[in-house]
Amino acid sequence: MTYTSILTEIRGRIGIVTLNRPQAMNAFNTAMLTELFDALDVYDNDERVGAIIVTGNEKAFAAGADIKEMAEATPFDMIGQGRVEKWDRIRTIKKVVIAAVSGWALGGGCEFAISCDMIVASETAKFGQPEITIGVIPGAGGTQRLARLLGKNLAMEMVINNRTLTAPEALQFGLVNRVVPVDGYLTAAVAFAEEIDARAPLAVRMAKDSVNAAFETTLAEGLKAEKRNFYTLFSTEDQKEGMKAFIEKRKPNWKGR
Ligand code: CAA
């Protein structure tokens, strides 16, 4: 696929997807969403890529769904186009996806960032769900994910009263993993992704799957998923290598098998 609204780059073993509609604050139109998920699929299936970063520019990660594209839509247009369902595809990516966020992460931009596995934010990052100001509510998971990540009261305030979180607030409330200076936020995200890529790959995958189960199932089902993944890892060479290396007081040499 030829991309017109995103840029892609493999840096070392890290696949970087950059949202690139600066003239529209990286608002997600249909073309950009299609390209974004195509690029994520490509990197997910590319053996040269160990982890993935999605980023925007310094001013905007993404200002949400493209309002101009959906302003005149009917419910049946929205259902037919499966607009918000497209966001769900982030859940199918097997590799770790880190959002590197600077500037605005609003509406679908915030929802996309919090759908990623982790977030590195620049000091200027701002997270919000302003849909209420245009007569709707978040439709790409914002009400559910923010309630789980932040608790009910703050989620209510963001969704009902357009409360925006600054980067330090987002860190304080556990919405992001780290806050770094704006001129180094992508470099910091790449270093973070490289740290993860250096770990035992199958264990990373199982770890991601297990943590995600906490958001999608009951505690009992989640514990079952965790146990299944834990036991399964004892069939890997990396488990044998990891434990042997610990006992022999050396660094493990991961094979991804
Ligand atoms: N959709 C379409 N165009 C957008 C956009 C969006 N979500 N956000 C910004 N733009 C466009 C603006 O219309 C403007 O275009 P023109 O130059 O052609 O007028 C351009 O980007 C620059 O934007 P501003 O002039 O507004 O820039 P600013 O610095 O003054 O403000 C901003 C930046 C605070 C991000 C502001 O643009 C804004 O509030 N954007 C809308 C945010 C929003 O409401 N998002 C929710 C969308 S709905 C949604 O996401 C639903 C869902 O759950 C999936």
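Please refer to the structure placed before this passage.
My aim in this report is to walk through the structure given alongside it, one point at a time. (Residues numbered from 1 in each chain as written. Predicted model: local features only at pLDDT ≥ 70, side-chain atom pairs only at ≥ 80, totals over all residues. Heavy atoms only, no water.)

### Quick look at the overall build of the protein
Summing up its helical and strand segments, the protein has eleven helices and ten strands in all. Here the C-alpha radius of gyration of the protein, 19 Å, is about what a compact globule of 257 residues would show, namely 18 Å. When its C-alpha atoms are laid out on the principal axes, the protein stretches across 65 × 40 × 35 Å. Counting over 257 residues, the protein shows a buried share of 42%. The contacts of the protein with a sequence gap of at least 6 include a subset with a gap of at least 24, amounting to 66%. By element, 58% of the accessible surface of the protein is carried by carbon and sulfur atoms, the whole surface being about 13600 Å². Distance between charge centres in the protein, computed from 31 positive and 32 negative side chains, equals 6 Å. (Helix = DSSP H or I, 4+ residues; strand = E, 2+ residues; numbered from the N terminus. Rg over C-alpha atoms; globule rule 2.2 N^0.38 Å. Buried < 20%, exposed > 50% of the residue type's maximum accessible area, 1.4 Å probe, protein only. Contact = heavy atoms within 4.5 Å. Areas by Shrake-Rupley, 256 points an atom, 1.4 Å probe, with all protein chains shown as cover. Lys, Arg positive; Asp, Glu negative; His and termini not counted. Charge placed at Lys NZ, Arg CZ, Asp CG, Glu CD.)

### Side note on the site of the ligand
In the neighbourhood of the ligand, 22 residues make up the surrounding shell, with Ala65, Ile67, Gly108, Glu111 and Glu131 lying closest. A distance of 3.0 Å separates an oxygen atom of the ligand from a polar atom in the side chain of Lys68. For the ligand, an oxygen atom lies 2.9 Å from a polar atom in the side chain of Glu131. Here the ligand, which alone exposes 990 Å², has 64% of that area covered by the protein. Of all the secondary-structure elements, those providing two or more residues to the shell around the ligand are α2 (67-70), β6 (104-106) and α4 (108-115). At three residues, the largest contribution of residues to the shell around the ligand is made by α2. Across the shell around the ligand, the residue classes break down as 13 nonpolar, five polar and four charged. (Near = heavy atom within 4 Å. Polar contact = N/O pair within 3.5 Å; in protein donor to acceptor, adjacent residues only side chain to side chain. Nonpolar A, V, L, I, M, F, W, Y, C, P; charged D, E, K, R; others polar.)

### Considering the sheet that holds strand β7 (residues 118-122)
One open sheet accounts for six strands, arranged β1-β2-β3-β5-β7-β10; its pairing is mixed. The open sheet has two free edges, formed respectively by β1 (6-11) and β10 (178-180), since each of these has just one partner strand. Strand after strand, the sheet turns through a mean of 20 degrees between neighbouring axes, direction not considered. Of the strands in this sheet, β1, β2 (14-19), β3 (51-55), β5 (97-101), β7 and β10 touch helix α8 (residues 185-197), which is tilted by about 165 degrees from β5. (Pairing = 2+ DSSP bridges. Axes fitted to C-alpha atoms, helices over the stretch in contact; angles between N-to-C directions.)

### Thoughts on the side chain of Gln129
Among the secondary structure elements, Gln129 is positioned in the loop between β8 (126-128) and α5 (142-150). A distance of 3.2 Å separates polar atoms of two side chains, one belonging to Gln129 and the other to Glu131. In contact with Gln129, not counting residues within four places along its chain, are Gly107, Cys110, Glu111, Pro138, Gly142, Leu146, Met158, Val159 and Asn162.

### Notes on the nonpolar core
If you look at the biggest cluster of nonpolar residues, it comprises 43 residues, and the most contacted ones within it are Leu40, Phe112 and Phe127. Element by element, the count of residues in this core is highest for helix α1 (residues 30-44), at seven residues. (Core = buried A, V, L, I, M, F, W, Y, C linked by side-chain atoms within 4.5 Å.)

### Side note on the packing of helix α9 (residues 201-216) against helix α10 (residues 219-233)
Relative to each other, α9 and α10 sit at 170 degrees, their axes nearing to 8 Å. One way to sum up the angle between α9 and α10 is to call them roughly antiparallel. Only Gly222, Ala225, Glu226, Asn229, Thr232 and Leu233 of α10 make contact with α9, whose side of the interface consists of Leu202, Ala203, Met206, Asp209, Ser210 and Ala213. (Parallel < 35°, antiparallel > 145°, perpendicular 65-115°, else oblique.)

### Brief notes about the sheet that holds strand β9 (residues 165-166)
As a general point, the strands of a sheet are linked pairwise by backbone hydrogen bonds and lie either parallel or antiparallel. Strand order in the open sheet formed by four strands is β4-β6-β8-β9, with mixed pairing between adjacent strands. Only two strands of the sheet have a single partner each, and these edge strands are β4 (60-62) and β9. Pairing geometry for β8 and β9, over two bridges, is antiparallel. Looking at β9, one finds that Lys126 is bridged to Thr166.

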